[in-house]
Amino acid sequence: MKRILAISDIHGELGLFNELLEKVKYDLREDQLILLGDYVDRGPDSKGVLERVVELKEQGAIVLRGNHDQMMLEAARGETGAAGNWLRNGALSTLQSYDASIEGMTLPSRDLFWKHVEFLKETAFYYETEDYLFVHAGVQPGVPVEQTDPYVLMWIRDEFHRGYSGDKKVVFGHTPTFNLRGTNETSVYFGDNRIIGIDGGAFYGGQLNCLELPGERVYVVEKG
């Protein structure tokens, strides 16, 4: 059986991402890599992360969409209020990774930016196996995932954290594990109700986590 390797909330931290893949000895022939979204914003190299994610998907990785990736798409489409919303949530670092001269909310003219926009449009909102469900933020308790509004899958927090009681274990990011615990602990969170939070808050000085399944082994890299 292949190892499943789940990583979430890279947020432009390309160096940490590559270091983590090396640490887990990722082998595309033997392992199933599942990326849970939020590739962009806040960190120094969103463009580089997306280039790496495109490459990994071409090699067989499963790529899900996070709320920050969705904000980038909405801004690129010119939706009302989307530009300001994205700017408040870390867009400038993403835009400047494509063009360092950008100031304020100006979309890059570079083809690579628009190539990445098209790539993100094709990402999935969830992925299921026999035992696990993978999603960026969580699921709506009592609602089949295939019937759930994708917005919920990318944004939900407390209702899912407290109310989930399904049979499958849900692996998710979005909410840093230090918030799930109410402490400064950033390791993977194993909830009593079969939820597993893996967002180590790398950008916030925490760590980037990788969860290996089915053994539930955890690999960690920390910001220097």
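Draft legend 1. The pattern of salt bridges, seen in detail. Within this structure, the stated rule accounts for 10 salt bridges. Between Arg3 and Asp31 there is a salt bridge, and its shortest N-O distance comes to 2.8 Å. Separated by 28 residues along the polypeptide, Arg3 in strand 1 (residues 3-7) and Asp31 in strand 2 (residues 31-35) bring together distant segments of the chain. For Asp31, a relative accessible area of 5% corresponds to the buried category. For Arg52, the salt bridge goes to Glu55, with nearest N and O atoms at 2.9 Å. Here the residue Arg52 and the residue Glu55 both occupy positions in helix 2 (residues 46-58), the gap between them amounting to three residues, near one helical turn. Looking at Arg52, the relative accessible area reads 21%, which means it is partly exposed. The class for Glu55 is partly exposed, based on a relative accessible area of 35%. The network of salt bridges with shared partners includes Arg3, Asp31 and Glu212.

Draft legend 2. Highlighting the pairing of strand 2. With respect to burial, strand 2 is a largely interior element, five of its five residues being buried. Burial along strand 2 is two-sided: the face carrying Asp31, Leu33 and Leu35 and the face carrying Gln32 and Ile34 are both buried. The pairing of strand 1 with strand 2 spans five bridges and is parallel. Paired with Ile7 across the strands is Leu35, a residue of strand 2. Following the chain from strand 1 across helix 1 (residues 14-23) to the adjacent parallel strand 2, one finds a crossover that is right-handed. Handedness of the crossover is the feature at issue here: the chain leaves strand 2, passes through helix 2, returns alongside strand 3 (residues 62-63), and the resulting connection is right-handed.

Draft legend 3. Fine view of the side chain of Asp41. Within the element layout of this structure, Asp41 appears in the loop between strand 2 and helix 2. Here Asp41 occupies a buried position and makes no salt bridge, while the nearest side chain of opposite charge, Arg42, is found at 6.5 Å. Only 2.7 Å separates the side chain of Asp41 from the side chain of His68, close enough to count as a polar contact. Of the polar contacts made by the side chain of Asp41, one reaches the side chain of Thr94; its length is 2.6 Å. Ignoring any residue separated from it by four or fewer positions in sequence, one finds Asp41 in contact with His11, Gly12, Ser46, His68, Trp86, Asn89, Gly90, Ala91, Ser93 and Thr94.

Draft legend 4. Layout of the pairing of strand 10 (residues 217-222). Where strand 9 (residues 207-213) lies against strand 10, six bridges are found, and the strand directions are antiparallel. By the bridge assignment, Cys210 is partnered in strand 10 with Tyr219. What sits between the antiparallel neighbours strand 9 and strand 10 is a turn of three residues, in which Glu216 has the positive phi angle 60°.

Draft legend 5. Structural context of the packing of helix 2 against helix 6 (residues 111-121). Remark: helix 2 packs on helix 6, axes separated minimally by 11 Å, with the N-to-C direction vectors making an angle of 50°. Considering the angle they form, helix 2 stands oblique to helix 6. Note on packing geometry: the crossing formed by helix 2 with helix 6 is left-handed. Contacts from Lys47, Leu50, Glu51, Val53, Val54 and Lys57 in helix 2 reach Leu112, His116, Phe119 and Leu120 in helix 6. For the contact of helix 2 with helix 6, a count of residues per class yields six nonpolar, one polar and three charged.

Rules of the game
- Residue positions are given per chain, counted from 1 along the sequence in the order it is written.
- The model is predicted, so local features are restricted to residues of pLDDT at least 70 and side-chain atom pairs to those at 80 or more, both for listing and for counting; the totals for chains, interfaces and linings are taken over all residues.
- Each side-chain value is derived from all of the structure's non-hydrogen atoms; neither hydrogens nor water enter the calculation.
- Salt bridges are counted wherever a side-chain nitrogen of Lys or Arg sits within 4 Å of a carboxyl oxygen of Asp or Glu.
- Numbering goes from the N terminus for both helices and strands, where a helix is a DSSP run of H or I of at least four residues and a strand is a run of E of at least two.
- Categorising residues by exposure relies on relative accessible area from a 1.4 Å probe, with only protein chains included: less than 20% of the type maximum marks a residue as buried, more than 50% marks it as exposed, and the intermediate range marks it as partly exposed.
- Following DSSP output, two strands are said to pair if at least two bridges run between them.
- Consider the strands pointing away from the viewer: the crossover is right-handed when the path from the first strand over the helix to the second runs clockwise.
- When charges are counted, Lys and Arg are positive and Asp and Glu negative, with His and the chain ends excluded.
- Pairs of N or O atoms are called polar contacts if they sit within 3.5 Å, as long as, within protein, a hydrogen donor faces a hydrogen acceptor (for residues adjacent in sequence, only side-chain-to-side-chain pairs).
- Contact definition: two residues touch when any of their heavy atoms are within 4.5 Å.
- Axis lines are fitted through C-alpha atoms, for helices just across the contact stretch, and the angle between N-to-C directions can take any value from 0 to 180 degrees.
- The cut-offs work like this: below 35 degrees is roughly parallel, past 145 is roughly antiparallel, 65 to 115 is roughly perpendicular, and the gaps in between are oblique.
- Crossing handedness follows the turn of the near helix against the far one: under a right angle anticlockwise gives a left-handed crossing, and clockwise gives a right-handed one.
- The residue classification treats Ala, Val, Leu, Ile, Met, Phe, Trp, Tyr, Cys and Pro as nonpolar and Asp, Glu, Lys and Arg as charged. All others, Gly included, are polar.

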